[in-house]
Structures are given as structure tokens and as C-alpha cells.
Amino acid sequence: MNPLIEGIAAPLPYSNLDTDQIMPKQFLRIIDKAGLDRGLLYDLRFDEHGAPRADFVLNQDAYAGTSVLVAGPNFGCGSSREHAVWGLQQFGIRAVIAPSFGEIFYFNAVNNGLLLVSLPPADVDALLARVSNTEALGANRVAIDVMAGQVRAADGWTAGFTLPERHRRMFAQGQDLVGASLLQLPEVERFEAVHWARHPWMKDVARTVRDRLDSDRQ
């Protein structure tokens, strides 16, 4: 996965935008991930008749092809539905920048390769003001350098952010938690070898007991 994300950023300055709003419940009745982009932020994007709301940012021509959201605090709070992350990705969102995120949503995003960047509120406000500018051509574009930990606006404004090193590697290498854990398999195997050498009587205890019981029944 490319550790540099560049593209149009849309302002979404709502506080406590929860997963029920990001992906409403009526779009959870599927057995796979297909079509979730249609449900993303549905009640904000569409009115009660299913017509696009002209005043909503993602329905405006200036934000067509948005790949980054700049949002308010506690983005992704609420229920644990992973569909919220899948829907964002299917819509084309590669990163969300906000002061803070719901904890479960954060780890769902990490495991699916959706980048979440936490910046101080003042920096988020400064970035929101910049990407809200639709008068200057390209003013709503941003670049996020994952390895350098830097967000850069079109006018040269920058802000730094940090990621846990494990999460940084996972994103840069396109890994989920299972893939990241498998990279440590040689260390796990070395630990197992030492552990069973020290405690051989503990190995396969359940199987040994089951075999003994089966033998007694015969």
C-alpha cells in the first residue's frame, strides 16, 4: 500500500458522528461487503425521498472524488459495526483526519487499512478552513505522508501526527492484524520450542486425557 495519500479532502465538521450515521442500520442486511458505498452517510447525503441533498458537501462538484475526510471530534463513536469502515472505503475514502475517534472504530479502521489521523483541534480547524475553500483551484487537496507523519495542505501548511509503529508498518505494508502477527511467526516458534522444552508435561494435555478416556471405554 502506498504510504502517501493525496487527493481531495472534504470538510465534515460534525462532532460525535457515530457509526449509525456513517452506515445506517438498513444497509447492514447483507451477507457480504458489496454495495455499502450507497449507504454511506445516507441521511446526510439524501432526503426522505431519496434525492441528493444539494447542500451536503459530498454531493457538490468541488468534492467529487473525495478521498480524505476532515471531521470533528469523536468520529466513529457508537456501535461497533465494521460496515462503517467498509462503506467509507468503498466510497473512495482512504483517510479520515479528526481530533479523536471512537475506540472500536479506530481499530476496525486499522485492521482494514483505512488511515485515521488524529490532530489537535486547532490544527483540524485550520485544515477545515482550507479544504472548505472552493474558490481557489485545488485548495481542497491534501497530502498525507504516513511514514513522515505529516499532513500537508495545498498552500504549504503542514501539521505533524504520530502513529504507533506497528500501525504505521501495517498501513505501509497493507497488512491486517493477522498479517502483522504472522510476521512474528519465527519468534513465536522459538518461544514455543523453549516453552515445551521446559514444560514437556503440559504439551497436548487435552489430547492425552481424551485418548486415555477413550482407551478406558474400550
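- The name an unreviewed UniProt entry assigns to the protein is 3-isopropylmalate dehydratase, from the organism Achromobacter spanius.
- As stated in UniProt under Pathway (unreviewed entry), the record for the protein gives "Amino-acid biosynthesis; L-leucine biosynthesis; L-leucine from 3-methyl-2-oxobutanoate: step 2/4."

Re the pattern of salt bridges
Part 1 of the argument: Taken as a whole and assessed by the stated rule, the structure comprises 3 salt bridges.
Part 2 of the argument: A salt bridge links Arg 81 to Asp 20, with the shortest nitrogen-to-oxygen separation between them at 2.8 Å. Linking Arg 81 in the loop between strand E2 (68-71) and helix H3 (83-91) with Asp 20 in helix H1 (residues 19-22), this pair joins segments that are 61 residues apart in sequence.
Part 3 of the argument: The class of Arg 81 is buried, set by a relative accessible area of 17%.
Part 4 of the argument: Residue Asp 20 is classed as partly exposed on the basis of its relative accessible area, which comes to 35%.

Notes on the packing of aromatic side chains
Part 1 of the argument: Applying the stated criterion across every chain yields a total of 5 aromatic pairs.
Part 2 of the argument: Taking 5.3 Å as the distance between ring centres and 45° as the angle between the ring planes, the aromatic pair formed by Phe 27 and Tyr 42 counts as tilted. On the criterion of sequence distance, the pair formed by Phe 27 in the loop between H1 and helix H2 (42-45) and Tyr 42 in helix H2 is long-range, its members being 15 residues apart. Taken as a pair, Phe 27 and Tyr 42 share a single burial class, namely buried.
Part 3 of the argument: Geometrically, the ring pair formed by Phe 75 and Phe 105 is edge-to-face, given 5.5 Å between the ring centres and 70° between the ring planes. Note that Phe 75 is positioned in the loop between E2 and H3 and Phe 105 in helix H4 (residues 103-112), a separation of 30 residues in sequence.
Part 4 of the argument: Classification of Phe 75 as buried rests on a relative accessible area of 1%.
Part 5 of the argument: The class for Phe 105 is buried, based on a relative accessible area of 2%.
Part 6 of the argument: Aromatic ring contacts, followed pair by pair, group Phe 27, Tyr 42 and Phe 46 into a single cluster.

Section: the pairing of strand E3 (residues 95-98)
Part 1 of the argument: Here E3 shows a buried face lined by Ala 95 and Ile 97 and a second buried face lined by Val 96 and Ala 98.
Part 2 of the argument: Bridging between E2 and E3 involves 3 bridges; their strand directions are parallel. Note that in E3 the partner of Val 68 across the bridge is Ala 95.
Part 3 of the argument: In the sheet, E3 pairs with strand E4 (residues 115-118) via 4 bridges, with the strands oriented parallel. Counterpart to Ala 98 in the pairing with E4 is Ser 118.
Part 4 of the argument: Of the crossover connections in this fold, the one passing from E3 over H4 to the parallel E4 is right-handed.

Parameters at a glance
Residues numbered from 1 in each chain as written. Predicted model: local features only at pLDDT ≥ 70, side-chain atom pairs only at ≥ 80, totals over all residues. Heavy atoms only, no water. UniProt positions renumbered as here; feature names shortened; annotations may be inferred. Salt bridge = Lys/Arg side-chain N within 4 Å of Asp/Glu carboxyl O. Helix = DSSP H or I, 4+ residues; strand = E, 2+ residues; numbered from the N terminus. Buried < 20%, exposed > 50% of the residue type's maximum accessible area, 1.4 Å probe, protein only. Phe/Tyr/Trp six-rings, centres within 6.5 Å; stacked < 30°, edge-to-face > 60°. Pairing = 2+ DSSP bridges. Right-handed = clockwise from strand over helix to strand, strands pointing away.

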